[in-house]
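Overview (structure and organization)
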Amino acid sequence: MANVNKLKNKINNNTNFGEKIKDVVMNNIVTIIFVVLCLIGIKLSGLPIFFVANELVTRISRNSFLVLALIIPVLAGMGLNFSIVVGAMAGQIAIIAVTHWGITGLPGFLLCAVIAFPFAVLFGYLTGKLLNKTKGQEMITSMIVGYFANGVYQLVFLFLVGTIIPMKNNVLMLSSGVGIRNTIDLSGGVKETGIKYALDQILKLPIFYVLIAFSILAILYNIFKLTNRRGIVNRREKQNKSKDSFKYIVNMSMFAILLILSIVIVAGNTPLKNIQLPVVTVIVIGVLCLFNILIVKTKLGQEFRTVGQDKHIAKVAGINVDRIRVLAIVISTVLAAWGQLIFLQNIGTLNTYGSHEQIGMFSIAALLIGGASVSKATVGQAILGTALFHTLFIVSPLAGKNLFGDAQIGEFFRAFVVYGVIGVSLGLHAWKNRAELKRKLKIE
Amino acid sequence: MDTKYTLQMKNIHKVYFNNKVLNGVNINVKPGEIHALLGENGAGKSTLMNILFGMPVIHATGGFEGDVYINGQLVNVKSPKEAMKLGIGMVHQEFMLIPGFTITENIKLNRETTKHNLISRLLGSSLKTLDKRSMESDARRSLDTLGLEISEKAKVSGLPVGHMQFIEIAREIDKRNIKLLVFDEPTAVLTESEADNLLKSMKKLASTGIAILFITHRLDEVMDTADNITILRDGEVVATKKKEETNVSELALLMVGRKIERNVPSENRKSSEDSEDIMTLKNLRVSMPGEEVKGINLSIKKGEILGIGGLAGQGKIGIANGIMGLYPTRGEVYLKGKKLKLNDPKTMIQNGIGFVSEDRRGIGLLLDSSIQLNIVLTAMQMQNKFLHKIGPITQINNGKVKRHAIKMINNLDVRCQGPQQLTRRLSGGNQQKVCIARALTLEPDILFISEPTRGIDVGAKKLILDLLYKLNKELGMTIVMTSSELGELRSICNRIAIISEGKLEGILSPFDSDVDFGLMMAGEYHKFHKEEA
C-alpha cells in the first residue's frame, strides 16, 4: 500500500503544467481537430456568420435528439448503437399512418409519438435480444440489423401496402395502388396535410434574448447554490464543498461571459439578433438531456453502468444482465423513433425509403466528433458534436467550391468526414487506451 | 432437523455426464465456527459450492441428490440470488470487483440504498435515486469492522491486491442477514502478511456468530484458523477432524492420499558463491506498479538455482519482469560480461534468457490456443524455428511442432489429452508445465521463473519443484526462481536473495536459520546484527 501511495505521489509531483496541457489535448484530440477544421471551413466558405449561425440553430434542434438517443447503450457497454435506424423506421411508420388519416399539426405530431412507441419498443426488444446473442460484436450486429430492417421495411411499404395491408390514398400511394410513394410532403402547399413544424412553430423567440434570460437564471441558480451551504460538519466535507464552490464560481463566470456576449449582440443590432430559436423543440431536447443525466443517478442507471463495466460481475451480483441490455436498446430505439419525428417535422418531407438510412451513421459521427468514444459518452459531447458536425456540413460545399472551384469536392469531403471520423475515432480509442497504459507505466 | 447448525449438507450426490463428482458428501457447520474444506483440485470442492449457491451449471446438468439445510430448514436453492436471500455469501478467489467504481459502489453493488423521487413514485422502484450518503456510511461501517483505513470514496482500480480481498469481504458483511460466509481460496493471491490480516479478520467475523466455510490449499492456515476440517478426495469425504486432533502432515496425507516428502534433497546443494558470474545486475530499477525495484546489485552464478524471496509489494516480482523488458527499466545488465540492451524483450530472448511469468493465465498462456502452439510460439516468433521457409513466406511446420510438443509433454509429464488440447482446459499445474516447456524450447542459458507454484495444489507443486531441480542438475541450466513461499525456495535453491523495499536485503543459504530469514524479510536483518555487534 505504501508503495502504491508513493508511486501516486510521484505521478502527481511530476505532472507539471505542460503535461497537463498535453493530457487535455490528447483526451480531446478528435474534437480539437474538428474545431480547427470548422474554423478553416467557415473562413474558406466566406459565408456570412448570420447564415451559418441560423442554419446551425436549425440543425442542432433538428438532430440533437437522435444523437442523444445513443448515450444509454454506450453507458451499458454496448458501444455505439447503429440500430437507431430501426427506431427511425418506427417513427416513419407512425408518420405515414398519421398522414394517411389526415391528422396534422401538433395533434398529428403527438399521435405519431404515441403510435411510434409500441413499434419502437417491439423493434428495440427484438434488436436487444439479438445483441444478447452476439455479445462483444454489438456494433457490427446493430449495423447489420439496420440494413436487414431496411429490407423488411421496403418490402412492407413497396409491396404489402395495398395488397395485404388494405390502404387507399391517391396522394400517398403509387398510381398502381400498391406501395407508398417515394416522397411524402408533410406540409402540403395551401392546405396543411402533415406535421411540418408541428413542434418548432409553437413558440419561436430570438435566440439571444432567450440566452440572456437563460444566463441570468443560471447565474442566480449558481449564486443560490453557493450561498446555501449550511450544515458543514467535518473537514472532509468542507474540502469537498470548497471544490464545489470553485465549480459554481467557474460556472457563474462562464454564464456571465455568455450574458455579456448576448447583450453585446442584441445591443449592437447585428443581423445575428434575428436568429429564431424553436423554444419548445429545445425544451424537449433539454428534457432528454436531463433524462440522460438523471438516469445515471438512479438504481437503473447504476445497473446500466455495472453491466457496462463488467457483465460477469454484474451477473454474479444478481443483476439480470440480459434484461438490462435489452432495456438499454429499447430506450435507445424509442428515443430514436421520437428523434426521427422531430427531425422530419423540421425537414417537412418524408423520403419514405431514404430518410432513415443515414441516421445511424450521421448521429454516431456527430457523437464521436464531440469527443465521445465507444465506452464513454456524455450529453455535452453529444451537443458539441452535433454542432461541429453540422457546421462542417453547412460550410463544406462552399469551402470546396472556393478552394477547388467545384462544390462537388466539398460534398465528397462531407461523405469522407462521416465515415472517416467513425473509423478514426474507433482507431484513436484503441490507440489512446494503449498510450494511457504505457504512460501509466512510465512513471519517472 | 437440528437447528444448532447453520449449514447442513446431507448425503450429496452429483453426476456430471456419467462422471460421479460427488458421492455422499456430508458437511455440518455451526454458527461462529470456521470450517475448513480441504481437497486437491478436482476433489469436488467447487461442485459442492456450486450446489450450495444454486449455480445454473448444476441445474443445467440434471441437478443433484441430497438435502441442504440452512438453520435447520430444508432449502432448495435455485439461483445465486436465492442463496443471497438465505444469508449465504461468497468471497471469490478471483475478485468480483469493478475497477472503475468506487469502494462504496462495489460494496453496495446491486444492493444500493435508494430513495424515492417524483418520477419513481409514478414509474416504479427501478428509477429510485441512489442515496450516496447512506451508501457511503454503510460502506464505512463495514470497512471499520474489518479495520481497513482507506477512504470509501477511493476507486478500486489503484488498490493493491490485498485490499481488494477485504473489499470483497466488506461487501459480504454489509449484507445484514449474512449467516454463512464461504471463502474460496482467499489467500491464494495474497502475501504472507496480507494473509495473516485476512485470517485475523476471519476469526473476528466468526466471533460475531457468522459461520465460515474456508476452502484452501494452505495447510498451515487451516491449522491456524479452523475449528473443524473436512477433507474431500475424489468426491468423497475422507475425514472430518477437529483441529486439536490432527496435524499438518496428517492433513496433507489425507488430502493427496500419498505420503508427501516435505524433506528436500539437501545433498549436492553446495553453495554456489565461488562459481563464475553468468549475469550481473547493476543498480537495476524497474517501475512495475506495486512491485517497484529501486536499485539492485546482484550477480547470478553459473549453474545455480538462485531464489528471490521477500514479501509481496517489495519488488521481488519486478526484477525478472524488468530484465525481460515488460516494464520500464533502468540500470545495467551484463550477460557473461556483455552489456545488454534493456527494455527490449527480443534482445533478452535472443541472448538465451527464458522467462516464465507469474501471471500464468494473463500473459503466460494463450488460453484458447492448443498446447503445441503455446509451446513453440516464442521460438517461432523469435528464432524462426518450426517454420517452413518458402522464399520470403513462412508457414508453420506442423509436423515438427507436434513432434516437439509430444517430446516436451512426455519429458515434463504434462497431463493432457494430447498436444491439440486447449490450455484453458488444463489444471494449474499442467498449465505451468506448458509455460516451462515454452521457455525450454528457446533453449535458454538462464531461466527466470516467477511464482511457479501459485494456485497449484500440493501434489503438482512438488512435481514442478522437482522438475526445476532436475533441469538444473541434469542440463546445468541456471535458474532464477522468484517465489513468495519461502519453504519452496529453501527446498531447491543454492542461494536465496531476499528483497525488501525494492533493494537487496541480503543473500542467505537455504540452511540458514528461520530467524535470519524472518529478519531479512522484515528488512530488520542489518539493524538487528549491527546492534548485536
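Residues numbered from 1 in each chain as written. Chains lettered and ligands numbered in written order. Predicted model: local features only at pLDDT ≥ 70, side-chain atom pairs only at ≥ 80, totals over all residues.

Regarding the interface of chain B and chain A
- Every contact between the two is made by 26 residues of chain B and, on the other side, 22 residues of chain A.
- For the side of chain B that touches chain A, the elements supplying multiple residues, two or more each, are helix H3 (80-85) and strand E8 (129-130) of chain B.
- Per-element accounting of the side of chain B that touches chain A gives the leading share, 3 residues, to H3 of chain B. (Contact = placed C-beta atoms within 7 Å. Helix = DSSP H or I, 4+ residues; strand = E, 2+ residues; numbered from the N terminus.)

Details of the pairing of strand E16 (residues 329-335) of chain B
Residue and element names in this part refer to chain B.
- Bridge count between strand E13 (residues 277-286) and E16: 6 bridges; the pairing is antiparallel. Within E16, the position partnered with arginine 285 by the bridge is arginine 330.
- The sheet contact formed by E16 and strand E17 (residues 338-339) spans 2 bridges and is antiparallel. By the bridge assignment for E17, tyrosine 334 is matched with lysine 339.
- In sequence, E16 turns back onto E17 through a hairpin of 2 residues, with lysine 336 there showing a positive phi of about 45 degrees. (Pairing = 2+ DSSP bridges.)

Structural notes on the confidence of the model for chain B
Residues and elements named next belong to chain B.
- Of all residues in chain B, 91% attain a pLDDT of 70 or more, and the chain-wide mean is 82.
- Across chain B, the secondary-structure element scoring lowest on mean pLDDT is helix H20 (residues 525-532), at 63, and the one scoring highest is strand E22 (residues 478-482), at 92.
- Across the predicted assembly, pTM comes out at 0.70 and ipTM at 0.75. (pLDDT = per-residue confidence, 0-100.)

Focus on the domain arrangement of chain B
- What the domain assignment lists for chain B is domain 1 (1-87 + 177-260), domain 2 (98-175) and domain 3 (277-532).
- Computed from C-alpha coordinates alone, the two centres of domain 2 of chain B and domain 3 of chain B are separated by 39 Å. (Domains from an automatic or database assignment.)

Quick word on the sheet that holds E17 of chain B
All names here are of chain B.
- With respect to topology, 4 strands assemble into an open sheet ordered E14-E13-E16-E17, the strand pairing being antiparallel. Of all strands in the sheet, those bounded by a partner on one side alone are strand E14 (293-301) and E17.
- Each of E13, E14 and E16 is contacted by helix H11 (residues 316-323), which is oriented at about 110 degrees to E13, the strand it contacts most. (Axes fitted to C-alpha atoms, helices over the stretch in contact; angles between N-to-C directions.)

Things to note about helix H12 (residues 299-309) of chain A
- The buried fraction of H12 of chain A is high, at 8 of 11 residues.
- Next to the buried residues of H12 of chain A lie helix H5 (71-75), helix H11 (279-296), helix H13 (311-316) and helix H14 (321-347) of chain A together with E8 of chain B. (Buried ≥ 20, exposed ≤ 12 C-beta atoms within 10 Å, placed from the backbone.)

Notes on unusual backbone geometry
Residues and elements named next belong to chain B.
- A positive phi angle is found at lysine 336, which is not glycine, with a value near 45 degrees.
- Here lysine 336 is to be found in the loop between E16 and E17.
- Overall, lysine 336 belongs to the partly exposed group, with 13 C-beta atoms counted inside 10 Å.
- Although it is not a glycine, asparagine 384 adopts a positive phi angle of roughly 55 degrees.
- Counting through the fold element by element, asparagine 384 comes out in the loop between helix H14 (371-383) and strand E19 (387-390).

Structural notes on the environment of leucine 37 of chain B
All names here are of chain B.
- Looking at the secondary structure, you find leucine 37 in strand E3 (residues 34-38).
- The exposure class of leucine 37 is buried, given the 26 C-beta atoms found within 10 Å.
- Sequence separation of leucine 37 and leucine 251 is 214 residues, and the distance between their C-alpha atoms is 11 Å.
- Filtering out sequence-adjacent residues up to four positions away, leucine 37 remains in contact with Lys45, Leu213, Phe214, Ile215, Thr230 and Leu232.

Structural notes on the sheet that holds strand E6 (residues 88-91) of chain B
Residue and element names in this part refer to chain B.
- Strand order across the open sheet formed by 6 strands is E6-E9-E10-E3-E11-E12, with mixed pairing between neighbours. In the strand order of this sheet, the two ends are held by E6 and strand E12 (236-242), each with one partner. For this sheet the average axis-to-axis angle between neighbouring strands, irrespective of direction, equals 20 degrees.
- Taken together, the 4 bridges between E6 and strand E9 (residues 180-184) define a ladder with parallel strand orientation. When the bridges of E9 are listed, valine 91 appears paired with phenylalanine 183.
- Where helix H8 (residues 192-207) meets the sheet, it contacts E3, E9 and strand E10 (211-216), and its direction lies at approximately 155 degrees from that of E10.

Looking at the environment of lysine 20 of chain B
- Position of lysine 20 of chain B among the secondary structure elements: in strand E2 (residues 19-29).
- Each C-alpha atom of the pair lysine 20 of chain B and glycine 44 of chain B lies 9.7 Å from the other, and the pair is 24 residues apart in sequence.

Some words on the nonpolar core
- Grouped together as the largest cluster of nonpolar side chains are 169 residues, with contacts concentrated most on Leu70 and Ala90 of chain A together with Ile212 and Phe214 of chain B.
- Looking at this core element by element, the count peaks at 17 residues for H14 of chain A.
- Shared between two domains, this core holds at least three residues of each, these being domain 1 (1-87 + 177-260) and domain 2 (98-175) of chain B.
- Phenylalanine 214 of chain B has contacts with Ile34, His35, Ala36, Leu37, Phe183, Met202, Thr225 and Ala226 of chain B, leaving out every residue within four places of it along the chain. (Core = buried A, V, L, I, M, F, W, Y, C linked by C-beta atoms within 7 Å.)

Details of the packing of helix H15 (residues 398-412) of chain B against helix H16 (residues 428-441) of chain B
Residues and elements named next belong to chain B.
- For the pair H15 and H16, the least separation of the axes is 10 Å and the interaxial angle reads 120 degrees. On the basis of their axis angle, the class for H15 and H16 is oblique. The chirality of how H15 crosses H16 is right-handed. In this structure, H15 uses His404, Met408 and Leu412 to contact H16, whose residues at the interface are Lys433, Ile436, Ala437 and Thr441. (Parallel < 35°, antiparallel > 145°, perpendicular 65-115°, else oblique. Left-handed = near helix turned anticlockwise from the far one by under 90°.)

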